Amino acid sequence: MSDRYLDLTSGGPGRKIAKTLGLPQPAVLRRTDPDSVDSPLAPGTVLLLTDGTDAAAADAAGIVDHLLGWGVDVRRDTVGVATVGAVVVVATGIGRSGDFTAPALALGAQLRSLGRSGRVVVVYRDAEESDSPALAASRAGIDGFVRTVAKEMRGGATANGIALTGGVDAGAPSPAGALRFLLAARSAFVSGQILHAGPGGSAPADWRRPLSGHVVAVTGAARGIGAQIVAVAARDGAKVVGIDVPAAGEALAATMNAAGGISLQLDVTADDAADRILAAARARYGRLDVVVHNAGILRDKLLANMTEEKFASLVAVNIAAPVRMNETFAAPGALGDADHAARIISLASTSGIAGNRGQSNYSYAKAGIIGMTESLAGAMASAGGTANAVAPGFIETDMTAKIPAVPRQVSRRMSSLQQGGLPVDVAEAICFLASPQAGGINGETLRVCGQLVVGR
Ligand code: NAI
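Bear in mind that the values here come from a model prediction, so they are computed numbers and not experimental data.

Describing the packing of helix α9 (residues 273-285) against helix α10 (residues 308-329)
Where α9 contacts α10, the axes come no closer than 8 Å and their chain directions differ by 50°. The angle between α9 and α10 places the two elements in the oblique class. Between α9 and α10 lies a crossing of right-handed hand. Contacts between α9 and α10 involve A273, A274, D275, I277 and L278 on the former and, on the latter, M325, T328 and F329.

Quick notes on the site of the ligand
Taken together, the neighbourhood of the ligand is formed by 26 residues, with R223, I225, D244, N294 and Y362 sitting nearest. Between the ligand and Y362, the relevant distance is 2.5 Å, taken from an oxygen atom to a side-chain nitrogen or oxygen of the residue. Within the side chain of T397, a nitrogen or oxygen atom sits 3.2 Å from a nitrogen atom of the ligand. Listed by contribution, the elements that provide at least two residues to the shell around the ligand are α7 (224-235), α12 (360-382) and α13 (398-401). When its residues are assigned to classes, the shell around the ligand shows 14 nonpolar, 8 polar and 4 charged.

Some words on the domain arrangement of the chain
According to the domain assignment, the chain contains domain 1 (1-27), domain 2 (31-197) and domain 3 (215-448). When each unit is reduced to the centre of its C-alpha atoms, the spacing between domain 2 and domain 3 is 28 Å. Taken together, the contacts link 23 residues of domain 2 with 25 residues of domain 3. When the buried area of domain 2 at its contact with domain 3 is split by residue, R31, R186 and F189 rank highest and sum to 36% of it. If you look at where domain 2 meets domain 3, you find 3 salt bridges. In this structure, E428 and R186 form a salt bridge, with 3.7 Å as the shortest nitrogen-oxygen distance. Our count for the contact surface shared by domain 2 and domain 3 stands at 6 residue pairs in polar contact (both at pLDDT 80 or more). For the side of domain 2 that touches domain 3, the elements supplying multiple residues, two or more each, are α5 (133-152), α6 (173-183) and β6 (194-197).

Side note on the state of the cysteines
Taken as a whole and judged by the stated rule, the model has 0 disulfides. Its sulfur unpaired, C431 is 19 Å from the next cysteine sulfur, which belongs to C449. For C431, a relative accessible area of 3% translates into the label buried.

Thoughts on the sheet that holds strand β3 (residues 84-90)
If you trace the 6 strands from one edge of the open sheet to the other, you get β2-β1-β3-β4-β5-β6, paired in parallel fashion. Of all strands in the sheet, those with a lone pairing partner are β2 (74-75) and β6, marking the two edges. As paired strands, strand β4 (residues 114-125) and strand β5 (residues 158-164) are joined by 7 bridges and run parallel to one another. Residue pairing across strands places V121 opposite N160, the latter belonging to β5.

Describing the nonpolar core
In a soluble, globular protein the nonpolar side chains are often hidden away together inside. Judged by nonpolar contacts, the single largest core of 72 residues is most densely connected at L67 and I162. Of all the elements, helix α15 (residues 423-434) adds the most residues to this core, at 8 residues. When residues are assigned to domains, this core turns out to be shared by domain 2 (31-197) and domain 3 (215-448), each giving three or more. Not counting residues within four places of it along the chain, the set of residues in contact with I162 comprises V121, V122, V123, Y124, P175, A178, L179, L182, L195 and A197. By size, the runner-up hydrophobic cluster in this structure holds 40 residues, among which are V241, I262, A273 and A280.

Criteria and thresholds
Residues numbered from 1 in each chain as written. Predicted model: local features only at pLDDT ≥ 70, side-chain atom pairs only at ≥ 80, totals over all residues. Heavy atoms only, no water. Axes fitted to C-alpha atoms, helices over the stretch in contact; angles between N-to-C directions. Helix = DSSP H or I, 4+ residues; strand = E, 2+ residues; numbered from the N terminus. Parallel < 35°, antiparallel > 145°, perpendicular 65-115°, else oblique. Left-handed = near helix turned anticlockwise from the far one by under 90°. Contact = heavy atoms within 4.5 Å. Near = heavy atom within 4 Å. Polar contact = N/O pair within 3.5 Å; in protein donor to acceptor, adjacent residues only side chain to side chain. Nonpolar A, V, L, I, M, F, W, Y, C, P; charged D, E, K, R; others polar. Domains from an automatic or database assignment. Buried area = accessible area lost by both parts, 1.4 Å probe. Salt bridge = Lys/Arg side-chain N within 4 Å of Asp/Glu carboxyl O. Disulfide = S-S within 2.5 Å. Buried < 20%, exposed > 50% of the residue type's maximum accessible area, 1.4 Å probe, protein only. Pairing = 2+ DSSP bridges. Core = buried A, V, L, I, M, F, W, Y, C linked by side-chain atoms within 4.5 Å.

Written out as structure tokens, the structure reads:
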């Protein structure tokens, strides 16, 4: 589904008219070129700023090692720099609220030189691990700061935070993996978000194919977001099992053939769904490592007009099925092995965070996904795995194409990036969470919504 307003205003006279009239000016976002994944990683030089403390200097040194290893041009100042592609602020040493003024203003001074689809990433320590109100305040404040900077970005640029947990250094595998994701085109539609990264995880053998050797099962794989998850996972090196209802068998076969994976025609509400998915993956690939609960349906109605059939059928597919299947997938030994960590990733929605008129059933199910994920995280971690969720906002799919024209236009412009996301944007976030470098990210719900102006 194309966004004609974006096409019209992305250059030439249309852009000038939009500017003159004060209308939204969405930018064409930098997305990953499948032929040259992550190359170059950032759209220009990466400028590294710190809060001036020894702690931040040590964390910055760890980050610099990674950036240089990834072939990034990284500098401490902008002397002689043509385009600033990203600014990384390391604020892991602040102890009082006043300590953040200098790094905040140093970042502010660079924002005008940030190139199109540029990136701001602030790395700091999670407020929840603070031992005094003053420390907690100085850290928690950065959450709000990052969300506001994201709203002030222009030209498709984004701002996000990495909150370190569990005493981890900024250069540890998962914070570094999160930094790479947030700098890269892969995170095109992620803005205003805080990723909590702790110990665990490891750098992939090949950053361009981080899922190499992993076996990934995706439900609802025939079309839309599910089909893109299959394609991106295959691009990243995974072997893929795609699951969808028999009625979508033809589309499923087309998707899976293109990705070189296998199809399984199955309704996820079946009692034996998880066993059949495991059996199919093991029969073909000997193992299953990652499960993506993507299958979902809509049955919108105002609650006053809601029927039992609409509420119950949606709950059965969107939340009861993942919960039941996870009783099998989260059991010891079901997913992964010594070399491949277990991952369960589920599709939530911004409707489950902020609510959405006409979607009481859907919001119930999607908020349930977030609760299920947080609860699963501990059990998964004890065996070295993770459970995370991704909450898309307005994504251009067959589902959102059915929204009448005017509300559809309004919904698109309601995010800081002033446009809908693409299925590939959601798929990129899911494949990042599935990858070895995300092993220290657990129990999170990552929004892929262009910073939709709803929710927290
Ligand atoms: P879609 O309707 O295009 O695709 C969903 C797929 O799930 C279809 O292929 C369908 O056949 C399959 N499916 C439905 N019931 C099934 C069942 N019982 N067993 C097996 N497969 C089944 O939907 P879309 O837009 O790709 O959404 C994918 C996921 O992302 C859903 O969980 C949805 O709730 C979520 N999401 C989508 C958003 C959007 O803007 N498109 C926004 C927020 C969340």
